[in-house]
Amino acid sequence: MVASATSTAVEQLRFLTPALAERIRTEVGTPSYAYDMAGLRSQGSKALAFPNAFGLTVRYAMKSSPNAAILQVFHNMGIQIDASSGYEVERAIEAGIPPENISLSTQELPTFFADLVNKGTKINACSLTQLERFGQAFPGGEVGVRFNPGLGSGGTGKTNVGGAGSSFGIWFELLPQVKEIVAKYDLKVVRVHTHIGSGSDPAVWQKVSGMSLDLCRQFDTVHTLNLGGGYKVGRMATEKSTDLSVVGVPVVEAFKAFAEDTGRKLHLEIEPGTFLLANAGCVVSTIQDMVTTGEQGHTFLKMDTGMTELLRPSLYGSQHPLVVVPSGGSSTAATEEARYVVVGHCCESGDLVSPADGEPETITERPMGKAQVGDILVMEGAGAYCSSMSTKHYNSFPEAAEVLVDGDNLHVIRKRQEFRQIWANEVALPTSALK
């Protein structure tokens, strides 16, 4: 499908300068992810200042970008880890994160979960089966329970993880079965966990916090309520972001009211990922070709990147600021504007970088500085759920490099993959099988 040209204003660079963008291309190559140390620390400080009544733990949702350097930056700030798989737990431990600072809420409880618990990792059971397995392995143990509160909210339907259409967590109406399993194995429920989606509506998030407190009333052993993350972050200049200092205030009052009613002062946990990272990262790429479909068509910019590094536009119809940087890193931005459709390098019609908002199959023209082949294109807002959620190796494109920008210093935190590594684990057929 084709949409009319968007009226979005021309976007600007967020944390890179034209010279730094050119330096990344020269020293590391394109495509490369770049992260801003100052931005990571700034967002981390905002999360750590989240309003709370009786104590706060911030957990970084490492699925948003699990590079060890990023985990270590947040760890040094006192931010702990939210893991979504057993392998993420192991990866975080390898990066130097203490196991006791890691909480696991997962769609697939690993076969080796007991080893993780014995190391100190906290488990939130996300289904009745998981709770049963935990009880069998650790009768009399302490466990968290993730509930689906019956209400969800997300930036798109694909990022909504609450409500009847979501498999995440134990459906709230199954509370009696939860209590049966808890009694059967003499478990102690110490945490209640809820999470309704990424890019959620603050009003819905606040409502769910009240519903989650009601679940805490069902277990007098609960001392911690984890309200997940999913705070809306505006990537485009026209989009708004959730103000944590505002959205958290009603939650403080709710916690205080709960304490007055029950005598229990609950500890609060939150799990931001996008909030911490989205606008502190970008993809630095090169415009490697331009094609036109005539006066009644479009001018397409073809990048040396695409869904192999930035899947969100193709998957969700997500909007990312696209900024042309003239080749050579001139400090003078292009003054002449033009409209382009931006596409990736994959042999895939869905490799569209400039879709209509929320419509991944609908192309739009985006206004930006006039471009030439060889110019740099910086894709902003690519810190979260880009490197970790890429389709690397499609068309046998190797994994891109990652760079951490710290003032004038560029730290390579992941080398560009040597392309032969792509098939390193393939096993050749015996000659006899080919006859």
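Residues numbered from 1 in each chain as written. Predicted model: local features only at pLDDT ≥ 70, side-chain atom pairs only at ≥ 80, totals over all residues. Heavy atoms only, no water.

Points about the overall build of the chain
Going by this rule: Secondary structure elements follow DSSP: runs of H or I of four or more residues count as helices, runs of E of two or more count as strands, with numbering from the N terminus. Only C-alpha atoms enter the radius of gyration; for comparison, a globular chain is expected to reach 2.2 Å times N to the power 0.38, where N is the number of residues. Here, residues are in contact when the closest pair of their heavy atoms is within 4.5 Å. Methods summary: accessible areas were calculated by the Shrake-Rupley approach with a probe of 1.4 Å, and residue burial reflects only the protein chains presented.
Secondary structure assignment for the chain yields twelve helices and 20 strands. Against the globule reference of 22 Å for 435 residues, the chain gives a C-alpha radius of gyration of 23 Å, in line with a compact fold. Across its three principal directions, the C-alpha atoms of the chain cover 70 × 65 × 45 Å. Counting contacts in the chain only where the partners sit at least 6 residues apart, residues at least 24 apart contribute 72% of the total. Element-wise, carbon and sulfur atoms account for 50% of the exposed surface of the chain, whose accessible area totals about 18,700 Å².

Topic: the layout of surface pockets
What counts is decided by this rule: Definitions used for this entry: grid spacing 1 Å over protein atoms alone; cavity, a set of points where a 1.4 Å probe fits but cannot get out; pocket, an open set with protein on both sides within 12 Å along at least 5 of 7 lines; lining residue, one with an atom within 4 Å of a point. Grid points are joined across faces, edges and corners, and a volume is the space filled by probe spheres set on the points. When residue character is reported, Ala, Val, Leu, Ile, Met, Phe, Trp, Tyr, Cys and Pro are called nonpolar, Asp, Glu, Lys and Arg charged, and the others, Gly included, polar.
When its volume is computed, the second largest pocket comes out at roughly 330 Å³. Lining the second largest pocket are 22 residues; nearest its centre among them are Gln43, Lys46, Ser241, Phe275 and Asn279. When the residues that make up the lining of the second largest pocket are grouped by side-chain class, the tally is eleven nonpolar, seven polar and four charged.

Quick look at the nonpolar core
What counts is decided by this rule: What we call a nonpolar core is a set of buried Ala, Val, Leu, Ile, Met, Phe, Trp, Tyr and Cys residues that are connected through their side-chain atoms within 4.5 Å. Type-normalised accessible area, obtained with a 1.4 Å probe on protein chains alone, sets the label of each residue: buried when under 20%, exposed when over 50%, and partly exposed for intermediate values.
Tyr60, Leu131, Phe147 and Leu377 are the most contacted members of the largest nonpolar core, which has 89 residues in total. Considering each element in turn, this core owes the most residues, five residues, to helix α3 (residues 68-76). Grouped together as the second largest cluster of nonpolar side chains are 18 residues, Leu20, Val28, Ile376 and Ala401 included.

Points about the confidence of the model for the chain
Applicable threshold: A residue's pLDDT is the confidence the predictor assigns to it, expressed on a 0 to 100 scale.
With 92% of its residues at a pLDDT of at least 70, the chain reaches an overall mean of 92. Note on residues 152-162: pLDDT under 50 across the span, and 39 contacts to partners over four residues away in sequence or across chains.

Looking at the environment of glutamate 142
Topologically, glutamate 142 is positioned in strand β6 (residues 142-148). Sequence spacing of glutamate 142 and lysine 122 is 20 residues, and the spatial spacing of their C-alpha atoms is 8.8 Å. If we skip the residues at most four places from it in the chain, glutamate 142 touches Phe134, Lys188 and Val190.

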